[in-house]
Amino acid sequence: MKIAIDAMGGDHAPKEVVLGVMKAIETFTDLSVTLVGDEKQIQPLLRSSDRIQIIHTDEVIEATDEPVKAVRRKKNSSMVLMAKEVSEKRADACISAGNTGALMTAGLFVVGRIEGIDRPALAPTLPTISGDGFLFLDVGANADAKPEHLLQYAIMGSIYAEKVRGIKKPRVGLLNVGTEEKKGNELAREAFRLISNEDLHFVGNVEARDLLNGVADVVVTDGFTGNVTLKTIEGTALSVFSMLKTALHSSVTSKLAAAVLKPKLVGIKNTMDYSEYGGASLFGLKAPVIKAHGSSNANAVFHAIRQTREMLQKQVTETITSAVQTKTEESNEERGE
């Protein structure tokens, strides 16, 4: 299998991207990679391998670029050329740690949307206290959503959790302001009804305060709510670790305590480390498109590649496509078409 990777995307590109790729090539013997970016910067970082190809370009979509305009105007950018490798069947999937909006645009207009999926969803796997993690979608692909979109997110998320994460009958939850069936706005109430009628292990409404306790394996919401929730979780985690660090270095006594507690604290940090879970998948596209975190180091890039490889091996996109087609046919039969 071949994965195309935007070598220039992210805060630490191309060094950390290349290091992550080298680790993946050494680990997965069935993998080949196309790195898209400035060859002069990439080449000195590489160890020779016949499974790594470079497509040279010195055009890059910056984090500050307006997504749609950038994709249209910077047709030779590393991100757009990466997506073209997939659309033109020279690669099976693609990964970038660059501009999120631009990657979503490239995914939608270059890679293409699965017929029957109205809106793709951006879905990271977030850590839980138990270490199992949960899939959270949508976290920003679509600020406005309809109930039908949340139903599609639930179906796609459940397929991914079962196929890639190996969870039998994944628990699907709907993010809401309370657990009662009639809670929330019109979107949430109608989405609850639709998901309830689907053949899914639907556990009902779940509250934001319970997410890290592992209340569900898949949690769905609209992109606006999901993005706010995601950034709140990230900000809270960073603040808590910062406060702990300050407290444990405030005196000689606390420094001694920190030395004793260090193994436990490292364990907690590792449990909550997003990089171990890979990147955020753009579900609903014709091939796997993975958004790695903008600050990804080599380890995060490696796990994004691992995640993408597993999606290809388990044929997640094909399974989602088949499920959507079946649902469309059933709906047409019900309408007598």
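Just so it is clear, the model here is predicted, and its values are computed rather than measured.

Chemist: Account for the pattern of salt bridges, naming residues and giving values.
Modeler: In this structure the tally under the stated criterion is 9 salt bridges. For arginine 90, the salt bridge identified is with glutamate 88, shortest N-O distance 2.6 Å. For arginine 90, a relative accessible area of 43% corresponds to the partly exposed category. Judged by relative accessible area, which is 39%, glutamate 88 ranks as partly exposed. Shared partners join several salt bridges into a network, and the residues in it are Glu85, Glu88 and Arg90.

Chemist: Residue-level account of the sheet that holds strand β5 (residues 121–123), with values.
Modeler: Spatial ordering of the open sheet is given by β3-β2-β1-β4-β12-β11-β5, a layout of 7 strands whose pairing is mixed. The strands lining the two open edges of the sheet, one partner per strand, are β3 (52–56) and β5. Averaged over all pairs of adjacent strands, the angle between their axes in this sheet comes to 25°, without regard to strand direction. Across 2 bridges, the pairing between strand β11 (residues 280–283) and strand β12 (residues 289–291) is antiparallel. Its bridge partner being in β12, alanine 280 is matched across the sheet by lysine 291. The strands touched by helix α5 (residues 100–111) within the sheet are β4 (93–96), β5, β11 and β12, with β12 carrying the most contacts at an inclination of about 175°.

Chemist: How would you summarise the pairing of strand β1 (residues 2–6) if you had to cite specific residues and measurements?
Modeler: Across the 5 residues that make up β1, a large majority, 4, are buried. Two strands pair when backbone bridges link them, and β1 and strand β2 (residues 32–37) are joined in this way by 5 bridges, in the parallel orientation. Note that in β2 the partner of isoleucine 3 across the bridge is valine 33. Handedness of the crossover joining β1 and β2 through helix α1 (residues 15–27): right-handed. The sheet contact formed by β1 and β4 spans 3 bridges and is parallel. Bridge pairing in β4 links isoleucine 3 to alanine 93.

Chemist: Just give me the short version of the sheet that holds strand β8 (residues 171–175), but keep the residues and values in it.
Modeler: Overall, mixed pairing links the 5 strands, which are arranged β6-β7-β10-β8-β9 in an open sheet. Edge positions in the sheet fall to β6 (125–126) and β9 (201–206), since each of these pairs with one other strand and no more. Across 3 bridges, the pairing between β8 and strand β10 (residues 218–220) is parallel. From the neighbouring strand, glycine 173 faces β10, where its bridge partner is valine 219. Against the sheet, helix α7 (residues 186–196) contacts β8, β9 and β10, and its axis sits at roughly 165° relative to β9. On top of the sheet, helix α8 (residues 223–248) reaches β6, β7 (134–137) and β8; it is set at about 135° to β7, its chief contact.

Chemist: Please give an account of empty space enclosed by the protein that cites residues and values.
Modeler: Under the definition given, this model contains 2 cavities of 30 Å³ or more. Looking at the largest cavity, it is lined by 13 residues, and the ones nearest its centre are Leu282, Phe283, Gly284, Met311 and Thr317. Residue assignment for the lining of the largest cavity shows that the elements contributing at least two residues are β11, β12 and α11 (316–334). Residues that form the lining of the largest cavity fall into these classes: 10 nonpolar, 3 polar and no charged.

Chemist: Got a sec to walk through a nonpolar patch on the surface? Specific residues and values, please.
Modeler: A surface patch of nonpolar side chains, about 260 Å² in accessible area, is lined by Val240, Met243 and Leu244. Take valine 240: it is sitting in helix α8.

Chemist: Can you break down unusual backbone geometry residue by residue, with the values?
Modeler: Residue proline 14 is bonded to the preceding alanine 13 through a cis peptide linkage, with omega at -5°. Mapped onto the secondary structure, proline 14 falls in the loop between β1 and α1. The omega torsion across leucine 137 and aspartate 138 is 10°, close enough to zero to call that bond cis. Inspection of the secondary structure puts aspartate 138 in the loop between β7 and α6 (147–163). Of note in this structure, lysine 89 is not a glycine but carries a positive phi near 70°. Note that lysine 89 resides in the loop between α4 (78–87) and β4. Residue classification places lysine 89 among the exposed positions, given a relative accessible area of 72%.

Rules of the game
Residues numbered from 1 in each chain as written. Predicted model: local features only at pLDDT ≥ 70, side-chain atom pairs only at ≥ 80, totals over all residues. Heavy atoms only, no water. Salt bridge = Lys/Arg side-chain N within 4 Å of Asp/Glu carboxyl O. Buried < 20%, exposed > 50% of the residue type's maximum accessible area, 1.4 Å probe, protein only. Pairing = 2+ DSSP bridges. Helix = DSSP H or I, 4+ residues; strand = E, 2+ residues; numbered from the N terminus. Axes fitted to C-alpha atoms, helices over the stretch in contact; angles between N-to-C directions. Contact = heavy atoms within 4.5 Å. Right-handed = clockwise from strand over helix to strand, strands pointing away. 1 Å grid on protein atoms, 1.4 Å probe; cavity = no way out; pocket = protein on both sides within 12 Å on 5 of 7 lines; lining within 4 Å. Points joined across faces, edges and corners; volume = space filled by probe spheres on them. Nonpolar A, V, L, I, M, F, W, Y, C, P; charged D, E, K, R; others polar. Patch = residues over 30% accessible without salt bridge, like charges linked within 9 Å, V, L, I, M, F, W, Y side chains within 5 Å. Areas by Shrake-Rupley, 256 points an atom, 1.4 Å probe, with all protein chains shown as cover.

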